[in-house]
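Structural description and commentary
In case you want the letters, here they are:
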Amino acid sequence: LTSLDHLPFSLKEKGNQATVETLAKGGWSISTLGEDPFVMTTGFAEAHQPGTPYVLAFEYQAPPESTPLVLYFLTESGVRNQTLETSPAKGWKWHLHDFSLDGRGLDESLKWVRIDFGTEADRTYRIRNCRLIPANRELRQRAKLGQYFDRLSRFGIALDQVKSQK
């Protein structure tokens, strides 16, 4: 993912019901303190173009008892959210999320974006290499299929040959 054109974004230094610590080698450690822990992003809403489909990418570590992270964002039509299908991860793990609307951009500007870290206190997550990637069809498919994308390719199922249904 390092060679793809991307728009980096970061996490703010203060969180809601969460402490945010900058890691020495880049990224952040987020420790939850209450039932509604979240951290606002910086650079995400500012870089986002309404007509462009994106894939959200980042590396993360999550505790064994963690639930999927949730992305909340404010557009002209109100607050919306998308669940990031993250799972517990002891080592660094890439996560890709299709941040588009049926393969198109959201068609609305973003006012702010935040990442929610479950509903439990005393959990520690780590995040680094946060990026918003202008996405083509293959990258969006890779994000949707996750770990299965590589398995399908190994079995000779070429996803670039799959035609969309009409």
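Above: the structure in question.
The shown structure was predicted, so the numbers you read here are calculated from the model rather than taken from an experiment.

1. Regarding the overall build of the protein chain
- When you go through the protein chain residue by residue, the secondary structure sums to three helices and eleven strands.
- Walking the protein chain from its N terminus toward its C terminus, one meets helices and strands in the order β-β-β-β-β-α-β-β-β-β-β-β-α-α.
- For the protein chain, restricting intrachain contacts to residue pairs at least 6 apart in sequence, the fraction spanning at least 24 positions comes to 73%.
- Total accessible area computed for the protein chain in this model is approximately 9,500 Å², and 48% of it derives from carbon and sulfur atoms.

2. A short note on the packing of aromatic side chains
- Going through the model one piece at a time under the given rule, you end up with five aromatic pairs.
- Note on phenylalanine 73 and phenylalanine 99: the rings are 5.1 Å apart at their centroids and 75° apart in plane angle, and the pair reads as edge-to-face. Of this pair, phenylalanine 73 sits in strand 7 (residues 69-75) while phenylalanine 99 sits in strand 9 (residues 89-99), and the two are 26 residues apart along the sequence. With respect to burial, phenylalanine 73 and phenylalanine 99 carry one shared label: buried.
- Look at phenylalanine 117 and tyrosine 125: their rings are 5.2 Å apart centre to centre, the planes differ by 55°, and that puts the pair in the tilted class.
- By relative accessible area, phenylalanine 117 is classed as buried at 1%.
- Of the aromatic side chains, those joined through ring pairs into one cluster are Phe9, Phe44, Phe73 and Phe99.

3. Looking at the environment of alanine 47
- Considering the arrangement of structural elements, one finds alanine 47 in helix 1 (residues 44-47).
- Taking relative accessible area as the criterion, alanine 47 reaches 21% and is therefore assigned partly exposed.
- As for alanine 47 and histidine 6, which are separated by 41 residues in sequence, their C-alpha atoms are 9.9 Å apart.
- Sequence-distant contacts of alanine 47, that is, excluding residues within four places in its chain, are made with Leu7 and Tyr54.

4. Here we look at the environment of phenylalanine 44
- Structurally, the position occupied by phenylalanine 44 is in helix 1.
- Sequence-wise, phenylalanine 44 and leucine 132 are 88 residues apart; in three dimensions their C-alpha atoms are separated by 7.2 Å.
- Dropping the residues within four chain positions of it, phenylalanine 44 is found in contact with Phe9, Leu56, Leu71, Phe99, Leu110, Val113 and Leu132.

5. What to know about the pattern of salt bridges
- All told, the structure shown has four salt bridges when counted by the stated rule.
- Glutamate 59 is paired through a salt bridge with arginine 128; the nearest N and O atoms lie 3.0 Å apart. Taken together, the residues glutamate 59 in strand 6 (residues 54-62) and arginine 128 in strand 11 (residues 124-134) connect sequence positions 69 residues apart.
- Judged by its relative accessible area of 9%, glutamate 59 falls in the buried class.
- For arginine 128, a relative accessible area of 22% gives the class partly exposed.
- Put simply, arginine 114 and aspartate 116 hold a salt bridge, and the shortest N to O gap is 2.7 Å.

6. Remarks on the side chain of arginine 114
- Relative to the helices and strands, arginine 114 resides in strand 10 (residues 112-116).
- A relative accessible area of 15% means that arginine 114 is categorised as buried.
- Of note is the side chain of arginine 114, whose polar atom sits 2.7 Å from the side chain of aspartate 116.
- If we ignore the near neighbours within four places in the chain, the residues touching arginine 114 are Asp36, Phe38, Val39, Met40, Thr41, Val70, Leu71 and Tyr72.

7. Things to note about the side chain of threonine 75
- Structurally, threonine 75 is set in strand 7.
- Of the residues examined, threonine 75 reaches a relative accessible area of 3% and is grouped as buried.
- In terms of polar contacts, threonine 75 uses its side chain to reach the side chain of serine 77, at 3.1 Å.
- Excluding residues within four positions of it along the chain, threonine 75 makes contact with Arg80, Glu108, Ser109 and Leu110.

Conventions we followed
- Residues numbered from 1 in each chain as written.
- Predicted model: local features only at pLDDT ≥ 70, side-chain atom pairs only at ≥ 80, totals over all residues.
- Heavy atoms only, no water.
- Helix = DSSP H or I, 4+ residues; strand = E, 2+ residues; numbered from the N terminus.
- Contact = heavy atoms within 4.5 Å.
- Areas by Shrake-Rupley, 256 points an atom, 1.4 Å probe, with all protein chains shown as cover.
- Phe/Tyr/Trp six-rings, centres within 6.5 Å; stacked < 30°, edge-to-face > 60°.
- Buried < 20%, exposed > 50% of the residue type's maximum accessible area, 1.4 Å probe, protein only.
- Salt bridge = Lys/Arg side-chain N within 4 Å of Asp/Glu carboxyl O.
- Polar contact = N/O pair within 3.5 Å; in protein donor to acceptor, adjacent residues only side chain to side chain.

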